[in-house]
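Here is how the chains run, residue by residue.
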Amino acid sequence: MSMQGWLSGSQSEAWLAQLERIEWKENEILLLLAASASQAALPAVWQWARDKGVVVAGSLFPALIRGEQVEKEGACWLRLTLAAPLLPLYPKQEEPPWRHDVQNTTAFLLFNCQRGETEQLLDGLYDYLGHSIRCIGAVGESDLKKTGTALFTQDGWCEAAGLAVFAACGLHTSRGYGFSSLPDVLIVTKAEKNRILELNWQSARTAYQGVLAAHGLVLDDVGRYPLGIVREESVDLVRSVIEIAADGSLLCAGEVPENAVLSVLIAEGEAMAASVAAAAEEVEVTAARGALIVNCYAREQLEGSFFTKELSVLRQTLQRRNPNLGEPYGVLSYGEIVLPSDGILELCNKTVVIGVMV
(Lines give C-alpha, C1' and ligand atoms only; values in the text may rest on other atoms or scores of the structure.)
Protein backbone atom coordinates (compact mmCIF):
# COMPACT_ATOMS: atom_id res chain seq x y z
CA MET A 1 0.00 0.00 0.00
CA SER A 2 1.31 3.43 -0.97
CA MET A 3 2.38 5.82 1.77
CA GLN A 4 0.84 8.81 -0.05
CA GLY A 5 -2.03 9.67 -2.36
CA TRP A 6 -4.48 12.27 -3.59
CA LEU A 7 -8.09 13.16 -2.72
CA SER A 8 -9.82 14.90 -5.61
CA GLY A 9 -12.36 17.71 -5.45
CA SER A 10 -14.11 18.87 -2.29
CA GLN A 11 -16.79 16.24 -1.71
CA SER A 12 -16.39 14.51 1.63
CA GLU A 13 -18.16 11.36 0.36
CA ALA A 14 -15.49 10.86 -2.33
CA TRP A 15 -12.68 11.50 0.16
CA LEU A 16 -14.09 9.00 2.65
CA ALA A 17 -14.54 6.37 -0.05
CA GLN A 18 -10.82 6.56 -0.84
CA LEU A 19 -9.73 6.63 2.80
CA GLU A 20 -11.93 3.59 3.55
CA ARG A 21 -9.97 1.54 1.01
CA ILE A 22 -6.83 1.90 3.10
CA GLU A 23 -6.21 -0.74 5.75
CA TRP A 24 -5.19 1.44 8.67
CA LYS A 25 -2.88 -0.12 11.23
CA GLU A 26 -2.39 0.67 14.88
CA ASN A 27 -0.06 3.60 15.56
CA GLU A 28 -0.51 5.10 12.09
CA ILE A 29 -1.37 8.73 11.39
CA LEU A 30 -3.08 10.39 8.45
CA LEU A 31 -1.14 13.53 7.52
CA LEU A 32 -3.61 15.55 5.46
CA LEU A 33 -2.55 18.62 3.49
CA ALA A 34 -5.72 20.23 2.16
CA ALA A 35 -6.51 23.10 -0.17
CA SER A 36 -8.37 25.90 1.60
CA ALA A 37 -11.15 25.74 -0.97
CA SER A 38 -11.87 22.15 0.14
CA GLN A 39 -12.11 22.76 3.88
CA ALA A 40 -15.83 21.94 3.92
CA ALA A 41 -14.90 18.26 3.43
CA LEU A 42 -12.86 18.11 6.62
CA PRO A 43 -15.51 17.72 9.37
CA ALA A 44 -16.70 14.44 7.82
CA VAL A 45 -13.08 13.22 7.69
CA TRP A 46 -12.59 14.13 11.34
CA GLN A 47 -15.72 12.18 12.33
CA TRP A 48 -14.61 9.19 10.25
CA ALA A 49 -11.17 9.28 11.89
CA ARG A 50 -12.64 9.40 15.41
CA ASP A 51 -14.93 6.47 14.59
CA LYS A 52 -12.02 4.46 13.14
CA GLY A 53 -9.52 5.43 15.82
CA VAL A 54 -7.20 7.04 13.23
CA VAL A 55 -5.00 9.93 14.35
CA VAL A 56 -5.10 12.92 12.00
CA ALA A 57 -2.81 15.94 11.68
CA GLY A 58 -3.07 18.47 8.91
CA SER A 59 -3.16 22.00 7.60
CA LEU A 60 -4.86 24.17 5.01
CA PHE A 61 -2.82 25.64 2.16
CA PRO A 62 -3.71 28.16 -0.54
CA ALA A 63 -2.88 25.63 -3.26
CA LEU A 64 -1.37 22.18 -3.71
CA ILE A 65 0.96 20.42 -6.13
CA ARG A 66 -0.12 17.30 -7.98
CA GLY A 67 2.58 16.16 -10.35
CA GLU A 68 3.04 19.03 -12.78
CA GLN A 69 -0.17 20.85 -11.83
CA VAL A 70 -1.16 23.45 -9.26
CA GLU A 71 -4.49 22.43 -7.71
CA LYS A 72 -6.86 24.78 -5.90
CA GLU A 73 -9.04 21.92 -4.62
CA GLY A 74 -8.38 18.54 -3.08
CA ALA A 75 -5.87 17.18 -0.59
CA CYS A 76 -2.72 15.11 -0.56
CA TRP A 77 -2.31 12.56 2.19
CA LEU A 78 0.55 10.67 3.77
CA ARG A 79 0.14 7.47 5.73
CA LEU A 80 2.85 7.40 8.38
CA THR A 81 3.79 5.22 11.35
CA LEU A 82 4.11 7.31 14.48
CA ALA A 83 7.41 7.13 16.35
CA ALA A 84 6.03 9.32 19.16
CA PRO A 85 2.69 10.93 20.08
CA LEU A 86 1.48 13.81 17.92
CA LEU A 87 3.02 16.95 19.44
CA PRO A 88 1.11 20.26 19.40
CA LEU A 89 3.63 23.11 19.58
CA TYR A 90 3.10 26.12 21.82
CA PRO A 91 5.33 29.03 22.91
CA LYS A 92 7.66 28.12 25.78
CA GLN A 93 7.41 24.50 24.67
CA GLU A 94 8.76 22.08 27.26
CA GLU A 95 11.11 19.35 26.16
CA PRO A 96 9.07 16.16 25.62
CA PRO A 97 10.07 13.24 27.86
CA TRP A 98 10.40 10.93 24.86
CA ARG A 99 13.05 12.99 23.02
CA HIS A 100 15.44 10.03 22.84
CA ASP A 101 12.72 7.83 21.32
CA VAL A 102 12.55 9.93 18.14
CA GLN A 103 16.21 9.81 17.19
CA ASN A 104 16.69 8.74 13.56
CA THR A 105 13.05 9.47 12.75
CA THR A 106 11.55 12.09 10.44
CA ALA A 107 9.66 15.13 11.69
CA PHE A 108 6.89 16.59 9.54
CA LEU A 109 6.22 20.10 10.86
CA LEU A 110 3.13 22.23 10.17
CA PHE A 111 2.79 25.82 11.40
CA ASN A 112 0.07 28.43 11.68
CA CYS A 113 0.79 31.43 9.47
CA GLN A 114 -1.02 33.78 11.86
CA ARG A 115 1.22 32.95 14.79
CA GLY A 116 4.61 34.62 15.22
CA GLU A 117 6.34 31.84 17.13
CA THR A 118 7.48 29.63 14.22
CA GLU A 119 11.19 30.40 14.42
CA GLN A 120 11.21 30.37 18.22
CA LEU A 121 9.69 26.89 18.17
CA LEU A 122 12.08 25.68 15.46
CA ASP A 123 15.01 26.88 17.59
CA GLY A 124 13.61 24.96 20.56
CA LEU A 125 13.16 21.75 18.57
CA TYR A 126 16.67 22.02 17.18
CA ASP A 127 18.14 22.71 20.63
CA TYR A 128 16.97 19.39 22.02
CA LEU A 129 16.88 17.23 18.89
CA GLY A 130 19.65 18.67 16.68
CA HIS A 131 20.59 16.39 13.80
CA SER A 132 19.22 13.29 15.53
CA ILE A 133 16.14 13.69 13.29
CA ARG A 134 15.40 14.52 9.66
CA CYS A 135 12.86 17.23 8.95
CA ILE A 136 10.60 18.89 6.41
CA GLY A 137 7.79 21.34 7.07
CA ALA A 138 5.55 24.14 5.87
CA VAL A 139 3.66 27.21 7.04
CA GLY A 140 -0.02 26.99 6.12
CA GLU A 141 -2.76 29.26 4.83
CA SER A 142 -2.85 32.92 5.86
CA ASP A 143 -6.46 33.75 4.86
CA LEU A 144 -8.23 32.34 7.89
CA LYS A 145 -11.35 34.46 8.36
CA LYS A 146 -13.58 31.40 8.76
CA THR A 147 -11.41 29.21 10.95
CA GLY A 148 -8.82 31.44 12.67
CA THR A 149 -6.31 28.60 12.27
CA ALA A 150 -4.88 26.51 9.45
CA LEU A 151 -4.17 23.47 11.61
CA PHE A 152 -6.42 20.56 12.52
CA THR A 153 -6.46 17.11 14.08
CA GLN A 154 -9.15 14.43 14.22
CA ASP A 155 -10.75 16.53 16.97
CA GLY A 156 -11.23 19.54 14.67
CA TRP A 157 -9.52 22.90 14.28
CA CYS A 158 -6.34 23.22 16.37
CA GLU A 159 -5.22 26.50 17.94
CA ALA A 160 -1.62 25.41 18.50
CA ALA A 161 1.18 27.37 16.86
CA GLY A 162 2.33 24.18 15.17
CA LEU A 163 2.03 20.42 14.94
CA ALA A 164 4.98 18.00 14.94
CA VAL A 165 4.55 14.50 13.52
CA PHE A 166 7.48 12.18 14.26
CA ALA A 167 7.33 9.32 11.77
CA ALA A 168 9.23 6.04 11.56
CA CYS A 169 10.57 6.63 8.07
CA GLY A 170 13.68 8.07 6.48
CA LEU A 171 13.95 11.32 4.56
CA HIS A 172 16.35 12.87 2.08
CA THR A 173 16.02 16.58 1.29
CA SER A 174 17.39 19.19 -1.06
CA ARG A 175 16.39 22.78 -1.78
CA GLY A 176 16.64 25.44 -4.44
CA TYR A 177 15.68 29.06 -4.93
CA GLY A 178 17.61 30.45 -7.92
CA PHE A 179 17.82 34.18 -7.19
CA SER A 180 20.72 36.29 -8.34
CA SER A 181 22.21 38.87 -5.95
CA LEU A 182 23.15 42.46 -6.51
CA PRO A 183 26.75 43.24 -5.46
CA ASP A 184 25.78 45.87 -2.86
CA VAL A 185 26.10 44.99 0.83
CA LEU A 186 23.56 46.04 3.43
CA ILE A 187 24.24 45.74 7.17
CA VAL A 188 21.28 45.36 9.53
CA THR A 189 22.03 48.11 12.04
CA LYS A 190 18.68 47.92 13.83
CA ALA A 191 16.00 45.22 13.82
CA GLU A 192 13.24 43.73 15.94
CA LYS A 193 12.56 40.11 15.05
CA ASN A 194 11.10 40.21 11.51
CA ARG A 195 11.08 44.01 11.19
CA ILE A 196 14.19 45.74 9.83
CA LEU A 197 14.35 49.33 11.09
CA GLU A 198 17.75 50.44 9.81
CA LEU A 199 20.17 49.33 7.10
CA ASN A 200 23.63 50.91 6.93
CA TRP A 201 22.55 53.38 9.65
CA GLN A 202 19.74 54.75 7.45
CA SER A 203 16.04 54.01 7.37
CA ALA A 204 15.62 50.52 5.93
CA ARG A 205 13.41 51.78 3.11
CA THR A 206 15.93 54.44 2.05
CA ALA A 207 18.83 51.99 1.89
CA TYR A 208 16.78 49.26 0.19
CA GLN A 209 15.37 51.59 -2.48
CA GLY A 210 18.81 53.13 -2.95
CA VAL A 211 20.32 49.79 -3.93
CA LEU A 212 17.53 49.12 -6.41
CA ALA A 213 17.78 52.61 -7.91
CA ALA A 214 21.54 52.22 -8.37
CA HIS A 215 20.81 49.31 -10.71
CA GLY A 216 17.94 50.97 -12.55
CA LEU A 217 15.27 48.96 -10.73
CA VAL A 218 11.96 50.38 -9.58
CA LEU A 219 10.31 49.20 -6.38
CA ASP A 220 6.93 48.41 -7.93
CA ASP A 221 6.59 45.01 -6.24
CA VAL A 222 8.55 44.17 -3.09
CA GLY A 223 7.99 40.48 -3.78
CA ARG A 224 10.34 40.63 -6.75
CA TYR A 225 13.27 41.83 -4.65
CA PRO A 226 13.67 39.74 -1.51
CA LEU A 227 16.64 39.98 0.81
CA GLY A 228 19.27 37.32 1.31
CA ILE A 229 21.01 36.80 4.64
CA VAL A 230 24.58 36.17 3.48
CA ARG A 231 26.24 33.07 4.95
CA GLU A 232 29.81 31.99 4.26
CA GLU A 233 29.32 28.23 4.47
CA SER A 234 25.80 27.85 3.09
CA VAL A 235 23.40 29.36 0.58
CA ASP A 236 21.80 32.70 1.42
CA LEU A 237 18.72 32.47 3.62
CA VAL A 238 15.93 34.24 1.70
CA ARG A 239 13.71 36.73 3.49
CA SER A 240 10.64 38.02 1.65
CA VAL A 241 9.80 41.69 2.16
CA ILE A 242 6.04 41.68 2.67
CA GLU A 243 5.46 45.31 3.61
CA ILE A 244 7.18 48.69 3.74
CA ALA A 245 5.73 50.45 6.78
CA ALA A 246 5.00 54.16 7.09
CA ASP A 247 8.01 54.55 9.42
CA GLY A 248 10.34 53.24 6.71
CA SER A 249 10.86 49.80 8.25
CA LEU A 250 10.73 46.59 6.23
CA LEU A 251 8.46 43.80 7.48
CA CYS A 252 9.84 40.41 6.46
CA ALA A 253 8.36 36.92 6.40
CA GLY A 254 10.95 35.68 8.87
CA GLU A 255 13.35 37.03 11.46
CA VAL A 256 16.42 39.05 10.44
CA PRO A 257 19.07 39.46 13.17
CA GLU A 258 20.91 42.68 13.86
CA ASN A 259 24.40 42.86 12.33
CA ALA A 260 23.40 40.41 9.59
CA VAL A 261 24.89 41.05 6.16
CA LEU A 262 22.21 41.26 3.48
CA SER A 263 22.13 41.26 -0.29
CA VAL A 264 19.20 42.29 -2.47
CA LEU A 265 18.03 39.37 -4.59
CA ILE A 266 16.50 39.48 -8.06
CA ALA A 267 13.80 37.05 -9.17
CA GLU A 268 14.48 35.60 -12.62
CA GLY A 269 11.99 32.96 -13.67
CA GLU A 270 14.30 30.80 -15.77
CA ALA A 271 17.03 30.72 -13.11
CA MET A 272 14.49 29.90 -10.39
CA ALA A 273 13.16 26.95 -12.41
CA ALA A 274 16.71 25.77 -13.13
CA SER A 275 17.56 25.77 -9.42
CA VAL A 276 14.71 23.35 -8.75
CA ALA A 277 15.93 21.04 -11.51
CA ALA A 278 19.36 21.06 -9.85
CA ALA A 279 17.81 20.24 -6.45
CA ALA A 280 15.91 17.32 -8.03
CA GLU A 281 19.22 15.98 -9.41
CA GLU A 282 20.89 16.34 -6.01
CA VAL A 283 18.41 14.60 -3.70
CA GLU A 284 18.88 10.87 -3.04
CA VAL A 285 16.05 8.85 -4.66
CA THR A 286 17.37 5.29 -4.85
CA ALA A 287 15.07 3.79 -2.21
CA ALA A 288 12.28 6.36 -2.52
CA ARG A 289 8.79 5.43 -1.36
CA GLY A 290 7.28 8.84 -2.04
CA ALA A 291 8.08 12.51 -2.55
CA LEU A 292 6.72 15.63 -0.84
CA ILE A 293 7.34 19.06 -2.35
CA VAL A 294 7.13 22.23 -0.24
CA ASN A 295 7.13 25.18 -2.65
CA CYS A 296 6.59 28.86 -1.91
CA TYR A 297 3.21 30.30 -2.90
CA ALA A 298 4.87 33.50 -4.15
CA ARG A 299 7.09 31.64 -6.63
CA GLU A 300 4.09 30.90 -8.83
CA GLN A 301 3.45 34.65 -9.27
CA LEU A 302 7.14 35.51 -9.68
CA GLU A 303 7.97 32.87 -12.26
CA GLY A 304 4.88 33.10 -14.46
CA SER A 305 5.09 30.52 -17.25
CA PHE A 306 8.38 29.21 -15.86
CA PHE A 307 6.55 27.83 -12.81
CA THR A 308 4.83 25.15 -14.91
CA LYS A 309 8.24 24.29 -16.35
CA GLU A 310 9.64 24.11 -12.81
CA LEU A 311 7.05 21.54 -11.72
CA SER A 312 7.39 19.57 -14.93
CA VAL A 313 11.17 19.32 -14.76
CA LEU A 314 11.00 18.44 -11.07
CA ARG A 315 8.65 15.51 -11.67
CA GLN A 316 10.47 14.30 -14.76
CA THR A 317 13.87 14.46 -13.07
CA LEU A 318 12.76 12.53 -9.99
CA GLN A 319 11.01 9.85 -12.05
CA ARG A 320 13.89 9.57 -14.54
CA ARG A 321 16.26 8.92 -11.66
CA ASN A 322 13.83 6.45 -10.07
CA PRO A 323 11.14 5.12 -12.47
CA ASN A 324 9.36 3.43 -9.55
CA LEU A 325 8.68 6.76 -7.85
CA GLY A 326 5.05 7.79 -8.14
CA GLU A 327 3.62 11.21 -8.87
CA PRO A 328 5.03 13.78 -6.42
CA TYR A 329 2.58 15.73 -4.30
CA GLY A 330 3.10 18.88 -2.29
CA VAL A 331 1.95 22.27 -1.09
CA LEU A 332 2.34 25.93 -1.93
CA SER A 333 3.22 27.41 1.44
CA TYR A 334 3.91 30.68 3.26
CA GLY A 335 7.20 29.38 4.62
CA GLU A 336 9.37 26.35 3.88
CA ILE A 337 11.10 24.40 6.64
CA VAL A 338 14.14 22.19 6.24
CA LEU A 339 17.01 20.74 8.27
CA PRO A 340 19.94 20.59 5.83
CA SER A 341 22.85 18.30 6.59
CA ASP A 342 25.18 21.32 6.71
CA GLY A 343 22.95 23.68 8.68
CA ILE A 344 20.28 24.10 11.32
CA LEU A 345 16.51 23.72 11.34
CA GLU A 346 15.29 26.89 9.68
CA LEU A 347 12.42 28.76 8.09
CA CYS A 348 13.01 29.71 4.46
CA ASN A 349 11.13 32.06 2.11
CA LYS A 350 10.66 31.76 -1.66
CA THR A 351 12.41 28.40 -1.57
CA VAL A 352 11.57 24.92 -2.81
CA VAL A 353 12.23 21.97 -0.50
CA ILE A 354 12.16 18.48 -1.99
CA GLY A 355 11.58 15.69 0.50
CA VAL A 356 12.01 12.04 -0.55
CA MET A 357 10.67 9.50 1.94
CA VAL A 358 12.46 6.16 2.29
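Calculation rules
Residues numbered from 1 in each chain as written. Predicted model: local features only at pLDDT ≥ 70, side-chain atom pairs only at ≥ 80, totals over all residues. Heavy atoms only, no water. Phe/Tyr/Trp six-rings, centres within 6.5 Å; stacked < 30°, edge-to-face > 60°. Helix = DSSP H or I, 4+ residues; strand = E, 2+ residues; numbered from the N terminus. Buried < 20%, exposed > 50% of the residue type's maximum accessible area, 1.4 Å probe, protein only. Lys NZ or Arg CZ within 6 Å of the ring centre and 35° of its normal. Pairing = 2+ DSSP bridges. Axes fitted to C-alpha atoms, helices over the stretch in contact; angles between N-to-C directions. Contact = heavy atoms within 4.5 Å. Polar contact = N/O pair within 3.5 Å; in protein donor to acceptor, adjacent residues only side chain to side chain.

Asker: Please set out the packing of aromatic side chains residue by residue, giving values where relevant.
Answerer: Applying the stated criterion across every chain yields a total of seven aromatic pairs. Arranged with centres 5.8 Å apart and planes meeting at 45 degrees, the rings of Trp46 and Phe152 form a pair that is tilted. Of the two residues, Trp46 sits in helix H2 (residues 42-52) while Phe152 sits in strand S10 (residues 151-153), which places them 106 residues apart along the sequence. Given a relative accessible area of 0%, Phe152 falls into the buried group. Among the aromatic residues, those joined into a ring-pair cluster are Trp46, Phe152 and Trp157. Sitting over the ring of Trp24, Arg79 keeps its end group 5.8 Å from the ring centre.

Asker: Please provide a residue-by-residue account of the sheet that holds strand S5 (residues 69-71), values included.
Answerer: Strands sit in the order S5-S4-S24-S23-S27-S13 across an open sheet of six strands; the sheet is mixed. Here the strands that pair on one side only, and so sit at the sheet edges, are S5 and strand S13 (171-176). On average, each strand axis in the sheet is inclined to that of its neighbour by 20 degrees, with strand direction left out of account. Sheet analysis places strand S4 (residues 63-66) next to S5, joined by three bridges and oriented antiparallel. From the neighbouring strand, Arg66 faces S5, where its bridge partner is Gln69. On the sheet, helix H7 (residues 305-321) packs against S4, S5, strand S23 (290-296), strand S24 (329-333) and strand S27 (352-357) and is oriented at approximately 160 degrees with respect to S23.

Asker: Mind laying out the side chain of Asn322, listing which residues take part and the relevant values?
Answerer: Locating Asn322 in the fold gives a position in the loop between H7 and S24. The buried category is assigned to Asn322, whose relative accessible area is 6%. Within the local environment of Asn322, its side chain forms a polar contact with the backbone oxygen of Thr286, the two atoms lying 3.4 Å apart. In this view, Asn322 contacts Val285, Thr286 and Ala288; residues no more than four positions away in its chain are not counted.

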